[in-house]
Amino acid sequence: MDNVDVFYSLWAGAMVFGMQCGFAMLCAGSLRQKNAKNIMLQNILDACGGAIGFFICGYAFAFGTGGSFIGSTEGYFALSGLVDGTDYIDFFFQFAFAASAATIVAGTIAERCKMAAYFCYALALTAFVYPVVAHAIWNGDGFLSTSSDDPFRGVGMIDFAGSGVVHMTGGMCALIGAIILGPRIGRFHDSNGNLLDEPATFQPHSVALQCLGTFILWFGWYGFNAGSTLGISGDNDGHIAALAAVNTTLSGAAAAVSAMFLDSLFGYIYEGEVQYDLTMAMNGGLAGLVGVTGSCAVIEPWAGLIIGIVSGFIYCLGSGLLIKLKIDDSVDGVPVHLFAGMWGCIATGIFAEPVRTRIAYGETINHFGWFYSWGNGSGDANLLLAEICGILFIVGWTCVTMVPFFSILNFLGFFRTTPLEEIAGMDVSRHKGSAYDYSEPDKEAIDALETSRSQHKQQHDLDSSGRNPQNDNIEPLINRDV
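As the structure is a prediction and not an experimental result, all values here were calculated from the model.

What follows deals with the overall build of the protein. Within the protein, the secondary structure is distributed over 17 helices and zero strands. For the protein, the spread of C-alpha atoms along the principal axes amounts to about 100 × 55 × 50 Å. Here the protein, with 482 residues, has 51% of them falling under the buried criterion. Intrachain contacts of the protein at a sequence separation of at least 6 include 75% that bridge at least 24 residues. Taken as a whole, the protein presents about 20900 Å² of accessible surface, with 63% of it coming from carbon and sulfur. Side-chain charges of the protein comprise 20 positive and 43 negative groups, with the mean position of each set lying 11 Å from the other.

So this is what it looks like as structure tokens:
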């Protein structure tokens, strides 16, 4: 890796890290205003906890050598053996991905989770849970890696930028956390514990922040997907990065439209009126970006469009499914990241095109998307099978680790805040006051200003004594404050 590649990874990693701002704005806008400080602090702690956990042991577990399940290279722990820019930039780029996986959980369990518990979670995910998944799929020693000496099913799991590794891992942790933590007060039950006829809807306090966060995330996704070439100086790096950017664009756009269309269609069928939901469009677009992340470098653009359309449908249906199951996801992070991430892995096994797959992964790849195998009269579904096994591994691993983790926190009373604090709002309860200033202007000052303006209309010039009549209204206020 030369200096050009180092700079490229630095640029891409910075874009991915900038997605933390997008997550913060999206989550803050999606929640009630009484919890704005709380969710933004959680997003900051994602970055902080992610950096610390990944530095201490996460990077070594993920990208160290020595095992098919977990890495153990001594020099990778606390970066003790790293000596040049190539090593350091790899850590930085991979840290940004680990932090992205961690922050997915923040919005889902927002408005009722204790801050200390959340920081512990961010450390655990980036130090151990996520690194094992990354090692299995992205490390050459991993048992699901495409670059393994003996790839699973002869091909391994293709997950170019992390539909499974990043988004499914974070989304599955979010689902587990939401189930164990329970719904927000008043979401599905009334004050007496009786089930509501219709779930309560907690309106987002700032659609503008939601939209800003969505666009920041979309922008950062170009670093996420195109930057996963890990360089730009190779013969095919530019081709791969450009294709990834095109497919990222098409899938995100198609999913935003398809999610809003399906939601509007349901509204027309059940209510007889067509309405267009901005939140559906925004979250649908994000689902499309998640869905194409794993395959963006190995599919044709038309396939990117199809993946996006299906991702939008999956998000819309998945959001409704969580409500049916009485699982409270404050920002719909589970359908966006877990469900669309699953579809992204499956879509890779269906649409991975032979020529593009070999450009991205090398000439040794001999198994491709089932769509192309079927079209050539072959029943070769080895890649699709590898993708499905990868999905099962990610779900199983996160359940094995995070179910006990969250359950212990919950049993010890460290996970959920008290009902009174939740009702009052986390900002007032735990963060020294509201994120917004609700104080009204000084009434006497306003009255004096109105009187002054009234006098100014009647008299534009100074009176004969040279006195300014506005001073008559200001002096009592000054004397009062003194």
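What follows concerns the environment of V395. Mapped onto the elements, V395 comes out in helix α13 (residues 382-411). With 158 residues separating them in the primary sequence, V395 and D237 have C-alpha atoms 32 Å apart. The residues touching V395, leaving out its near neighbours within four places in the chain, are M168, M172 and M342.

This paragraph deals with the pattern of salt bridges. Scanning the model with the defined rule gives eight salt bridges in all. Residues R187 and D328 are paired through a salt bridge, measuring 3.2 Å at the closest nitrogen-oxygen approach. Note that R187 is positioned in the loop between α5 (163-181) and α6 (207-226) and D328 in the loop between α9 (301-324) and α10 (333-351), a separation of 141 residues in sequence. The partner of E422 in a salt bridge is R416, and the shortest N-O contact between them spans 2.9 Å. Residue classification places R416 among the partly exposed residues on the basis of a relative accessible area of 22%. Taken together, the shared-partner salt bridges connect R32, E111, R184, R187 and D328 into one network.

Reading guide: rules and limits
Residues numbered from 1 in each chain as written. Predicted model: local features only at pLDDT ≥ 70, side-chain atom pairs only at ≥ 80, totals over all residues. Heavy atoms only, no water. Helix = DSSP H or I, 4+ residues; strand = E, 2+ residues; numbered from the N terminus. Buried < 20%, exposed > 50% of the residue type's maximum accessible area, 1.4 Å probe, protein only. Contact = heavy atoms within 4.5 Å. Areas by Shrake-Rupley, 256 points an atom, 1.4 Å probe, with all protein chains shown as cover. Lys, Arg positive; Asp, Glu negative; His and termini not counted. Charge placed at Lys NZ, Arg CZ, Asp CG, Glu CD. Salt bridge = Lys/Arg side-chain N within 4 Å of Asp/Glu carboxyl O.

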